[in-house]
Amino acid sequence: MRLAVLSVLSVLCFGAAAQAAPPSVQLEELTWTEVRAAIQSGTTTIIVPAGGTEQSGPHIALGKHNVRARVLAGRIAAALGDTLVAPVLAYVPEGAISPPSGHMLFPGTISIPDAVFKNTLEATGRSLRRAGFTHIVLVGDHGGYQSILKQAAAELNKEWAGSGARAHYIKDYYSAVDVAYVRALRAKGLSDVQIGSHAGTADTSLTLAIDPSLVRSDHLAGDHGPAEGTNGDPGPSSAALGQIGVDLVVSQTVAAIRKARAEKR
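Residues numbered from 1 in each chain as written. Predicted model: local features only at pLDDT ≥ 70, side-chain atom pairs only at ≥ 80, totals over all residues. Heavy atoms only, no water.

Engineer: So what about the sheet that holds strand β4 (residues 166–169)? Which residues, and what values?
Structural biologist: Taken in spatial order, the four strands of this open sheet run β2-β1-β3-β4, and their pairing is parallel. Of all the strands in the sheet, just β2 (83–85) and β4 have a single pairing partner and so form its edges. Across the sheet, the mean angle from the axis of one strand to that of its neighbour is 25°, orientation sign disregarded. (Pairing = 2+ DSSP bridges. Helix = DSSP H or I, 4+ residues; strand = E, 2+ residues; numbered from the N terminus. Axes fitted to C-alpha atoms, helices over the stretch in contact; angles between N-to-C directions.)

Right, dumping it as structure tokens:
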């Protein structure tokens, strides 16, 4: 009899937990009532991923940062277990528009002013706090605006002092790619010339591991350089090499978010 009662209780508890879990970690895939239920059940952390729409040579699609940011943030949220992911911010600073500079020299790149990006981050954070989230996490897949993410988090924390809500700029998301991933590729025998800083082996492999449809494999071989919008050699790229970067980003970002949430202000 006791065993039967315990079995029933286990089923009921499991059912309640399953009902409380949102059907997706992606905010834009949920209804407002599902978001409310998730927050009420303890999902009070949300990641705000920044991407970017920029050229990455003739072999990587313009939306690589947006796709990577969404997928990686989703895996990070799933690993944390109590976190959702806001829609990716696809419009970011990419250089002057007129006269063009940086990636704006190539068709397809979209740029906005630094102040507009910062204001968007802050308004997003305020919106999510209003909904009931208490930990708003800012991460970025592009190196050019990392300082703006940090500034926006600092501004929100100043505004929210004493409220119980906090904004966290997690630099580890990007440094995992920029530092740890590069180090790991060197250990695999790749040179810095091959690894590159934009659309080389590191960048291309990471994209292959997340969504190979974004990479034009028939354009990996041959000469690559600044005229084509690349820095590095994408020739040795593979999804296996990219998976190293994926694992580093997820593990290091999860650890950094847990540490940030545990810190007292």
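Engineer: Quick one: what's the story with the layout of surface pockets, residue by residue and with numbers?
Structural biologist: In this structure, the largest pocket occupies an estimated 380 Å³ of space. Considering the residues around the largest pocket, the lining is formed by 17 residues, among which His168, Tyr169, Ile170, Ala260 and Glu263 are closest to the centre. Put simply, the parts of the chain that give the lining of the largest pocket at least two residues each are α5 (146–159), β4 and α9 (239–262). Counted by class, the lining of the largest pocket contains eight nonpolar, two polar and seven charged residues. Within this model, the second largest pocket holds a volume of roughly 280 Å³. What lines the second largest pocket is a set of 22 residues, among which Tyr174, Val177, Ser197, His198 and Asp203 lie closest to the centre. Mapped onto the lining of the second largest pocket, the elements with two or more residues apiece are α3 (64–80), α6 (172–187) and α8 (201–210). Sorting elements by how many residues they give to the lining of the second largest pocket places α6 first, with five residues. Its residues placed into classes, the lining of the second largest pocket shows eight nonpolar, eight polar and six charged. (1 Å grid on protein atoms, 1.4 Å probe; cavity = no way out; pocket = protein on both sides within 12 Å on 5 of 7 lines; lining within 4 Å. Points joined across faces, edges and corners; volume = space filled by probe spheres on them. Nonpolar A, V, L, I, M, F, W, Y, C, P; charged D, E, K, R; others polar.)

Engineer: An account of helix α2 (residues 32–40) is requested, with residue identities and associated values reported.
Structural biologist: For α2, the complete set of buried residues consists of Val35, Ala38 and Ile39. On an axial view of α2, the arc spanned by its buried residues comes to 95°, and they lie on one face. Buried residues along α2 sit against β2 and α4 (114–131). Downstream of α2 by one or two residues, Gly42 has phi in the positive range, about 110°. (Buried < 20%, exposed > 50% of the residue type's maximum accessible area, 1.4 Å probe, protein only. Arc of directions from axis to C-beta. Contact = heavy atoms within 4.5 Å.)

Engineer: Which residues make up the packing of α3 against α8, and what values do they have?
Structural biologist: Where α3 meets α8, the axes come as close as 10 Å, and the angle between the chain directions of the two elements is 55°. Between α3 and α8, the angle is such that the two are oblique. Remark: the crossing between α3 and α8 carries left-handed chirality. Between α3 and α8, the contacting residues are Lys64, Val67, Arg68, Val71 and Leu72 on the first element and Asp203, Leu206, Thr207 and Ile210 on the second. (Parallel < 35°, antiparallel > 145°, perpendicular 65-115°, else oblique. Left-handed = near helix turned anticlockwise from the far one by under 90°.)

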